[in-house]
Amino acid sequence: MIIAITVGVLVSGGVYLMLQRSMVRTIFGLALISHAANFALLLSGVPAWRGEPIAGRSPVSEAADPLPQAFVLTAIVITLAVTIFMLALAVLGHDDDQDRIPETGERRTQ
């Protein structure tokens with residue numbers, strides 16, 4: 001129940017941030033939504049507390065399914081890479097909408 005509430009809070013915060021005009025807030029909103037998706041994946045793979053999926057550590061009937069855990073680990077790595085890439089693009093293009101003279105960097109006057 002707590003994880004489901006956490007997913008709802010993360011999704012609502014992510015949607016709120018994605019509706020902002022700032023590129024950085026949009027990126028953080030996307031990161032929050034990806035964290036919510038990771039929690040949802042974990043919630044689907046582990047309906048109750050189970051043991052570690054390590055051979056010899058716990059019986060097979062009581063072990064958790066390792067596939068959702070592998071999916072979440074892969075999703076975390078991909079999300080981190082995409083977030084860093086998008087933040088770099090936001091930093092590099094933060095003043096693209098302003099009218100500047102390329103040679104001097106001064107603003108053009110109308």
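Residues numbered from 1 in each chain as written. Predicted model: local features only at pLDDT ≥ 70, side-chain atom pairs only at ≥ 80, totals over all residues. Heavy atoms only, no water.

Colleague: Before we go on, may I ask you to explain the overall build of the chain in this structure?
Modeller: A tally of helices and strands in the chain yields three helices and zero strands. The secondary structure elements of the chain, listed N-terminal to C-terminal, are α-α-α. Looking at the chain as a whole, 18% of its 110 residues qualify as buried. A total of about 8,400 Å² of accessible surface is found on the chain, and carbon and sulfur atoms cover 68% of it. (Helix = DSSP H or I, 4+ residues; strand = E, 2+ residues; numbered from the N terminus. Buried < 20%, exposed > 50% of the residue type's maximum accessible area, 1.4 Å probe, protein only. Areas by Shrake-Rupley, 256 points an atom, 1.4 Å probe, with all protein chains shown as cover.)

Colleague: Is there a simple way to explain the side chain of Thr-83 in this structure?
Modeller: Residue placement: Thr-83 occurs in helix α3 (residues 66–92). Its relative accessible area of 16% is what places Thr-83 among the buried residues. Sequence-distant contacts of Thr-83, defined by excluding residues within four places in its chain, comprise Ile-27 and Ala-31. (Contact = heavy atoms within 4.5 Å.)

Colleague: Got a minute to help me understand the environment of Ala-4 in this structure?
Modeller: Turning to its location among the elements, Ala-4 is positioned in helix α1 (residues 2–18). The exposure class of Ala-4 is partly exposed, given its relative accessible area of 40%. Distance from Ala-4 to Ala-36, taken between C-alpha atoms, is 9.2 Å for residues 32 residues apart in sequence.

Colleague: Help me out: how do you make sense of the UniProt feature "transmembrane region" (unreviewed entry) in the chain in this one?
Modeller: Sites flagged by UniProt as "transmembrane region" (unreviewed entry) map to residues 27–49 and 69–92. Between the end C-alpha atoms of residues 69–92 the distance is 35 Å, and the span holds 100% helix and 0% strand. (UniProt positions renumbered as here; feature names shortened; annotations may be inferred.)

Colleague: What exactly am I supposed to notice about the environment of Leu-89 here?
Modeller: Structurally, the position occupied by Leu-89 is in helix α3. Separated by 65 residues in sequence, Leu-89 and Val-24 have C-alpha atoms that sit 9.9 Å apart.

Colleague: Looking at this structure, I do not really get α3. What am I missing?
Modeller: Since the α-helix packs 3.6 residues into each turn, any two residues three or four apart lie on the same face. Across its 27 residues, α3 extends 39 Å between first and last C-alpha, which sits within 8% of the 39 Å expected from 1.5 Å per residue. Inspection of α3 places Pro-68, Val-72, Thr-79, Thr-83, Met-86 and Ala-90 among the buried residues, and these make up the whole buried set. (Expected span 1.5 Å × (residues − 1).)

Colleague: Got a minute to help me understand the side chain of Asn-38 in this structure?
Modeller: Relative to the elements of secondary structure, Asn-38 occurs in helix α2 (residues 23–45). The buried category is assigned to Asn-38, whose relative accessible area is 7%. The residues contacting Asn-38, other than those within four sequence positions of it, are Val-72, Ala-75 and Ile-76.

Colleague: Sorry, what's going on with a nonpolar patch on the surface here?
Modeller: On the surface, Ile-3, Phe-39, Leu-42 and Leu-43 cluster together to form a nonpolar patch covering roughly 290 Å² of accessible area. It is α2 that provides the largest number of residues to the nonpolar patch, a total of three residues. Along the polypeptide, Leu-43 turns up in helix α2. By relative accessible area, which is 37% here, Leu-43 ends up partly exposed. (Patch = residues over 30% accessible without salt bridge, like charges linked within 9 Å, V, L, I, M, F, W, Y side chains within 5 Å. Salt bridge = Lys/Arg side-chain N within 4 Å of Asp/Glu carboxyl O.)

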